[in-house]
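Chain by chain, the residues:
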Amino acid sequence: MAQQLSTINLVAPAFKGVNTEDSPIAQDPSFAEIADNAIIDKRGRIASRKGYSVLTTDRSELLNTTPNPDVYEPVRAIAEFRDSGGNTEIFSVGNNKILSGTTTLVDETPSGYSITADNWKIVNFNDRIYMFQRGYEPLVYDNTSGAVEAMSDHTHSNGVVSTMYGNEVLAAYGRLWTADFTTDKSTIYWSDLLNGLHWSGGTSGSIDISKVWPDGYDEIVALAAHNGLLIIFGQHSIVVYQGAETPASMTLADTVAGVGCVDRDTIQHTGTDVLFLSHTGLRSFGRTIQEKSMPISTLSKTITKDLISLIQDENSFYRTVYSPEENFYLLTFVGQSTTYCFDLRGALEDGSLRVTRWPSSVFSAYERLQNGKLYIGSDQGISEYKGYQDNGESFRFKYYSPSLTFGDASKLKFIKKIKPTIIGASGEVASIKFAYDFDKTYRSVAFNVPSAGAGAEFNVAKFNIDEYSGTTQQVVRKALNATGSGSTVVVGLEADIDGNALSLQEINILALVGKTV
Amino acid sequence: MDEFFRDLLGIGAGEALGGAAALGLLGSAYNRLGDIGERGLGLGEELAQRQIEQAGFRPYTVTTATGGQFMAGPEGQYTMALSPEEQAFQQQMFGGAGQFFQQAAMPTGDREAAIYERMRATMSPEEERQRLALEERLAGQGRLGVRTAQFGGAPEQFALAQAQEEARNRAMLGAMQQAQAEQAQQAALGQQYLGAGYVPQAQMLSALAPGQTAAAAQQQAQLYGTGLFGEATASGIDALLGSALGQANLLGAAGTGLLAGLFGRD
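Residues numbered from 1 in each chain as written. Chains lettered and ligands numbered in written order. Predicted model: local features only at pLDDT ≥ 70, side-chain atom pairs only at ≥ 80, totals over all residues.

*Asks:* Lay out the sheet that holds strand β28 (residues 281–284) of chain A in plain terms, naming residues and giving numbers.
*Replies:* Residue and element names in this part refer to chain A. Sheet architecture is open: three strands sit in the order β26-β27-β28, paired in antiparallel fashion. Looking at strand neighbours, the two that pair on one side only are β26 (268–269) and β28, the edges of this open sheet. Alignment of β26 against strand β27 (residues 274–278), held across two bridges, turns out to be antiparallel. Looking across to β27, one finds that H269 is bridged to V274. (Pairing = 2+ DSSP bridges. Helix = DSSP H or I, 4+ residues; strand = E, 2+ residues; numbered from the N terminus.)

*Asks:* Can you tell me about unusual backbone geometry, naming the residues and giving the values?
*Replies:* Residue and element names in this part refer to chain A. The phi dihedral of N37 falls on the positive side, at around 50°, and the residue is not glycine. Following the sequence through the fold, N37 ends up in the loop between β4 (34–36) and β5 (38–40). Even without glycine at this site, F438 takes up a positive phi of about 65°. Following the sequence through the fold, F438 ends up in the loop between β38 (429–436) and β39 (443–448).

*Asks:* Help me get a handle on the pairing of strand β34 (residues 374–378) of chain A, residues and values and all.
*Replies:* All names here are of chain A. Most of β34 is tucked away, with five of its five residues classed as buried. The pairing of strand β33 (residues 365–368) with β34 spans four bridges and is antiparallel. Bridge pairing links A365 to G377 in β34. Relative to strand β35 (residues 381–385), β34 is paired through four bridges, and the arrangement is antiparallel. The residue bridging G377 from the neighbouring strand is I382, located in β35. Connecting the antiparallel pair β34 and β35 is a turn made up of two residues. (Buried ≥ 20, exposed ≤ 12 C-beta atoms within 10 Å, placed from the backbone.)

*Asks:* Which residues make up the nonpolar core, and what values go with them?
*Replies:* Counting residues in each nonpolar core, the largest one holds 144 residues, and the members touching the most others are A:L223, A:I231, A:I232, A:F342 and A:Y399. Once residues lying within four places of it in the same chain are set aside, the contact partners of A:F342 are A:L282, A:L299, A:F328, A:Y329, A:L331, A:L353 and A:V355. (Core = buried A, V, L, I, M, F, W, Y, C linked by C-beta atoms within 7 Å. Contact = placed C-beta atoms within 7 Å.)

*Asks:* Give me the confidence of the model for chain A: which residues, what numbers.
*Replies:* All names here are of chain A. Overall, the predicted model of chain A reaches an average pLDDT of 90, with 94% of residues at or above 70. Below a pLDDT of 50 lies the segment residues 454–461, which in the model reaches 16 contacts outside its immediate sequence neighbourhood of four places, other chains included. Low pLDDT, under 50, characterises residues 466–471; the predicted model gives this stretch twelve contacts beyond four residues in sequence or across chains. (pLDDT = per-residue confidence, 0-100.)

*Asks:* Explain the sheet that holds strand β4 (residues 146–148) of chain B to me, and be specific about the residues and the numbers.
*Replies:* Strand order in the open sheet made by the five strands is β18(A)-β19(A)-β20(A)-β21(A)-β4(B), with antiparallel pairing throughout. Every other strand in the sheet has two partners, leaving β18 (168–172) of chain A together with β4 of chain B as the edge strands with one partner each. If you compare each strand with its neighbour and ignore which way they point, the axes differ by 20° on average. Bridging between strand β20 (residues 187–190) of chain A and strand β21 (residues 205–208) of chain A involves four bridges; their strand directions are antiparallel. By the bridge assignment, A:I188 is partnered in β21(A) with A:I207. (Axes fitted to C-alpha atoms, helices over the stretch in contact; angles between N-to-C directions.)

*Asks:* Can you lay out the confidence of the model for chain B for me, pointing to particular residues and giving the numbers?
*Replies:* Residues and elements named next belong to chain B. Per-residue confidence for chain B gives a mean pLDDT of 85; residues scoring 70 or more make up 95%. Mean pLDDT values over the elements of chain B span from 66, in helix α1 (residues 2–9), up to 93, in β4. Among the scores for the predicted complex, ipTM is 0.81 and pTM is 0.78.

*Asks:* Could you give an account of the pairing of β20(A), with specific residues and numbers?
*Replies:* All names here are of chain A. The side-chain alternation of β20 yields two buried faces, one formed by T187 and Y189 and the other by I188 and W190. Two elements, strand β19 (residues 175–179) and β20, share two bridges in a ladder whose sense is antiparallel. The residue bridging W177 from the neighbouring strand is W190, located in β20.

Shown next, in the form of structure tokens:
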């Protein structure tokens, strides 16, 4: 007598993002073991990320001659200059140069100014753009001069001395703030009011917080401003001052011990909160202040060990960006070519964010422009986050479920059919992957996604709404035969994204449940 | 002989002898009158001498109850002598006055500094307490390390430093005023000591008045006695001279009578 097939319906698989912390067989099927080059789309589905479209056509300024001849160095930072007159300019840094432009990168490095590192932080402040890097005299650009110049060369500069050549710069509360100097790791300098060129006189000043660290000693890594607070991130602690609008009289509001910031460039303001990367994962400043140093407050609990491993191995740059348009916070470990995408639309029950991974990431800089566009830096120059190709090439989207037990891990399962429902895509070759009993050798069933339009299976956008503008969204349902057996099953989907978005709506698995093993 | 005198003088010898006797009486009266003048002069001089002696200044001494003495000498000079206690007191007062004047004459700079240091010594502990309190407050607020171009340190540090500096300035001005007041006080004390140093002398001079009154009364009595003595002696002399004058007049009259008798019979 034929046995009845059991059905596992993975609705909106990976809706909760990647989870590498919990036991695979105890996981909620809404998590994913792998979600590469994926995002959580606005309907809560796992979907392919966008690609990047290179804007730069002349990147000769990035061509290294020594010590790596014929190697294009990546863009390490991008910043958009805007002033009250409506003037804009895109600046970037790379190959030990200050560059401007997007299509043709033009060397703007001041004459006689020698640069040997590209770890600049660039901020806009009061119709000027300022560039700070530890041990380097700050650079400044405004539309009046039309050129990047060393700060002390500016006609209005005052008090520019090597002691304030900081690595961190913050434009907040009507001033520039700088910290993290070559030898002094506990002092913060602030400029005169509304004048980032004046570092002496007026209401400029400094504060040495070496006696304030809650653990007795720490080093300033980053600064942030939020709700009238000046947030000073140390490596292992956080110090918060209130009343930073008048820094001479600002007072200590709070300290957090045991939680610090890994890198200056991991801090992003989301409007209502400040996100930063600590040594144990991504954190929210608001929640950290509420919960002090409790480790459960991390936003990345589902990938904690992965992040810690990456942090420990990172020897290059961290780059992050917050995009309200895309509703994500990207965290890139530049030295390890890995980006994590944290979805900010909502949080899981435990407060952590849904996260996906973008491996083999070449992104080395980000800048969200005033108009919402997201610029990306790489060795190709400057790109825009758009489309579904990486500089004209496809990229691999991967989804793998956690180990599925069909409710009883002790019984054999014989997968008979796997029915994925895919939204979008057009003409790509996709593959359903599955493996039993934690085996990493996946069996694969490839299928062609029909081209959108006439070849679409239904040729009807879901709910008659185009999910991605300009592209007709097709719904693709496939029923694919599967073989083999095992007590646990991992199911995945891989597809080369080559110009079209892809969302995984659901995967329906039909299995025959066998004897107990 | 009688004839002779008659021939010669137109008178007889008896008459001549009477005339000679009358001449002798007249000469004796003349001589007596001269002697009376001489004697009157001598008695007058003697009286004057005696009256000078009687009316001469007699030295006297006034001794006060505290032992001071005023001595008027025979030549009119006088000497005042304080008692040993008064002299000691006077020396003490003069010494004190000298010291006070010496101190008043000294520059006030050192004294100002000394007063300022004493004021600072009283102010410094409170200032230190305020400084420590501010330091603790700033430490509690995490602001110990604040350095500003506007205030140097934190505004509170500036305010405290300003207040303390103003207090120092006030203390300095107060020290200057105090030193000047003390200088004036030293001068006043010197004056007082100096005045007090003359008090024994002044008191002795005050005590001298009654003594001088007594001496004056005595002198007045002496002079009165001298006057009486002079008047009485002069009366005696007058009587003596009058009697001598009478005798001389008598002799003269006798001589005149004789002569008149001699020459009046014809």
